[in-house]
Amino acid sequence: MIYATLKSIASYVPPTCVANADFEKFLDTSDEWITKRTGIKTRYFALPSQSTSDLAYEAGKKAMERAGVSADDIDALIVATLSPDYLTMPSTACITSYKLGIENKPAFDISSACSGFIYLLSLAKSFIESRTYKRILVIGAEKVSSVLDFSDRSTCVLFGDGAGACVIEATEDKNAAILDVHTSANGKHQDFLCTPRIQSVSQSIFSDKLESSKSFCLHDSTYLQMKGNETFKLAVKTLVSDVNTILAHNTLQPKDITYFIPHQANLRIINAVGEHLSFDEKQIVISVQKYGNTSAASIPMAMNDLYEANKLKYGDLMLLDAFGGGLTWGSALVHFGGES
Ligand code: ACO
């Protein structure tokens, strides 16, 4: 039996560290509010000259080095992002594959907002188990700062830039396998998180479409908008039920999990979910205080921090759980299959 294994993990953190106090200089906000409501203390922003594919390149290169593979060994590259280099084409994955020297192999993007990394795992698992590809590079990469409205205090303080990458390859060792991945979506609440003006929905030539698009846009804006409160409540409920479902499906309990790595959007969401699921504090991986919400990059960046702290060992079982714009959500049970 062929399984997919997460062979390596790596991340890239862009150079500009921005503290909460930096926002006080131009917004009616405070370190106290941001810390109390979100747990975030800092986030990192990419340089103006860096695009999402540059961040993806750095993380992808390190993930290949850690897996001991070269560009020629990669059969496909998939990037998850809500902040691509170009709005429609070429894909960020195409540009990243060029930068990495991965030639003449399939490369494409997926758009699942903060759930992007779970969707990547689902695709990689299927491609490998079906023997379509032997080795895939998956990258969650975001320059979220490129779609933030820095006059909107309710969103711009929440997000950060970064990238996380994994080499996923075939194995016969079930103890190193990606055990299960669940992904879901429901467009009913598309207005909870959206970038209204930069997609075809607000550029339609059909007046009726245009009218209906206006009904779900909060403002006529190019930037990311979020109904934070509504999203918060739904996020906690969905994340808890998603974890319970995947655990039951695999006859596992929270105590069987080495690390629970939820999407890093808000410390209050992570704590609420952790309490509902009775995970021990030591099992829950938290990096939101350092990086803010890096969307599709958040779970692999948190996982990389574990790895770099020498806490991730071959065979450790991680439970990943994400929720984001779409709405989309998903969870995954993943053994670490790399070297410590
Ligand atoms: N500084 C000071 N005050 C602020 C700030 C700020 N940065 N932002 C908002 N406020 C004010 C609001 O204006 C409001 O004031 P009012 O009471 O006078 O109207 C007050 O603070 C409370 O605002 P709420 O929105 O109710 O605050 P809440 O406690 O809900 O926290 C937050 C907001 C942090 C956005 C939270 O709702 C949240 O984390 N939501 C979920 C985010 C999430 O999970 N997103 C999904 C993934 S992201 C993705 O897919 C891209």
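Residues numbered from 1 in each chain as written. Predicted model: local features only at pLDDT ≥ 70, side-chain atom pairs only at ≥ 80, totals over all residues. Heavy atoms only, no water.

*Asks:* Sorry, what's going on with the overall build of the protein chain here?
*Replies:* When its secondary structure is counted, the protein chain shows eleven helices and 13 strands. Taken over C-alpha atoms, the radius of gyration comes to 19 Å for the protein chain, in line with the 20 Å a tight globule of 340 residues would show. Taking the principal axes of the C-alpha coordinates as reference, the protein chain spans close to 50 × 45 × 40 Å. Across the 340 residues that make up the protein chain, the buried fraction comes to 54%. Taking contacts inside the protein chain between residues at least 6 apart in sequence as the whole, the part at least 24 apart equals 78%. Carbon and sulfur atoms form 51% of the exposed surface of the protein chain, whose accessible area is close to 14,800 Å². Treating the 31 positive side-chain charges of the protein chain as one cloud and the 38 negative ones as another, the clouds have centres 2 Å apart. (Helix = DSSP H or I, 4+ residues; strand = E, 2+ residues; numbered from the N terminus. Rg over C-alpha atoms; globule rule 2.2 N^0.38 Å. Buried < 20%, exposed > 50% of the residue type's maximum accessible area, 1.4 Å probe, protein only. Contact = heavy atoms within 4.5 Å. Areas by Shrake-Rupley, 256 points an atom, 1.4 Å probe, with all protein chains shown as cover. Lys, Arg positive; Asp, Glu negative; His and termini not counted. Charge placed at Lys NZ, Arg CZ, Asp CG, Glu CD.)

*Asks:* Help me understand the nonpolar core in this model?
*Replies:* Taken as a class, soluble globular proteins show a tendency for nonpolar side chains to be buried jointly. Counting 38 residues, the largest nonpolar core has F260, V273, F279 and L319 as its most contacted members. Going through the elements one at a time, helix 8 (228-249), helix 9 (267-276), strand 12 (317-324) and strand 13 (328-335) are the ones with two or more residues in this core. In terms of residues, this core owes the most to one element, helix 8, which gives seven residues. Look past the residues within four positions of L319 in its chain and what remains in contact with it is V243, I246, L247, I257, Y259, F260, I261, F279, A332 and L333. Among the nonpolar cores identified, the runner-up in size contains 37 residues, and I9, Y119, L120 and I178 belong to it. (Core = buried A, V, L, I, M, F, W, Y, C linked by side-chain atoms within 4.5 Å.)

*Asks:* Looking at this model, I keep getting lost on the site of the ligand. Mind explaining?
*Replies:* Surrounding the ligand, one finds 28 residues, the nearest of these being T29, R37, C114, N229 and N266. A distance of 2.6 Å separates a nitrogen atom of the ligand from a polar atom in the side chain of T29. Among the elements of the structure, helix 2 (31-38), helix 6 (153-156), helix 8, helix 9 and strand 12 are those that each provide at least two residues to the shell around the ligand. The leading source of residues in the shell around the ligand is helix 8, at four residues. Residues belonging to the shell around the ligand are distributed by class as follows: 13 nonpolar, eleven polar and four charged. (Near = heavy atom within 4 Å. Polar contact = N/O pair within 3.5 Å; in protein donor to acceptor, adjacent residues only side chain to side chain. Nonpolar A, V, L, I, M, F, W, Y, C, P; charged D, E, K, R; others polar.)

*Asks:* Any chance you could explain the pattern of salt bridges here in plain terms?
*Replies:* Side chains that differ in sign of charge can pair as their charged atoms come close. Scanning all chains against the criterion turns up eleven salt bridges. One salt bridge in this structure joins D31 and K41, with 3.2 Å as the shortest N-O distance. Here the residue D31 occupies a position in helix 2, and K41 occupies one in the loop between helix 2 and strand 3 (42-45), the gap between them amounting to ten residues. Classification of D31 as partly exposed rests on a relative accessible area of 26%. Here D54 makes a salt bridge to K99, at a shortest N to O gap of 2.8 Å. One end of the pair, D54, is in helix 3 (residues 52-67); the other, K99, is in helix 4 (residues 92-100), and 45 residues separate them in sequence. (Salt bridge = Lys/Arg side-chain N within 4 Å of Asp/Glu carboxyl O.)

*Asks:* Mind showing me how you'd approach the environment of I34 here?
*Replies:* The topology assignment puts I34 in helix 2. In the structure, I34 is positioned 304 residues away from G338 in sequence and 36 Å away in space, judged by C-alpha atoms. When near neighbours in sequence (up to four residues on either side) are disregarded, I34 contacts N20, T29, G39, I40, R43 and V157.

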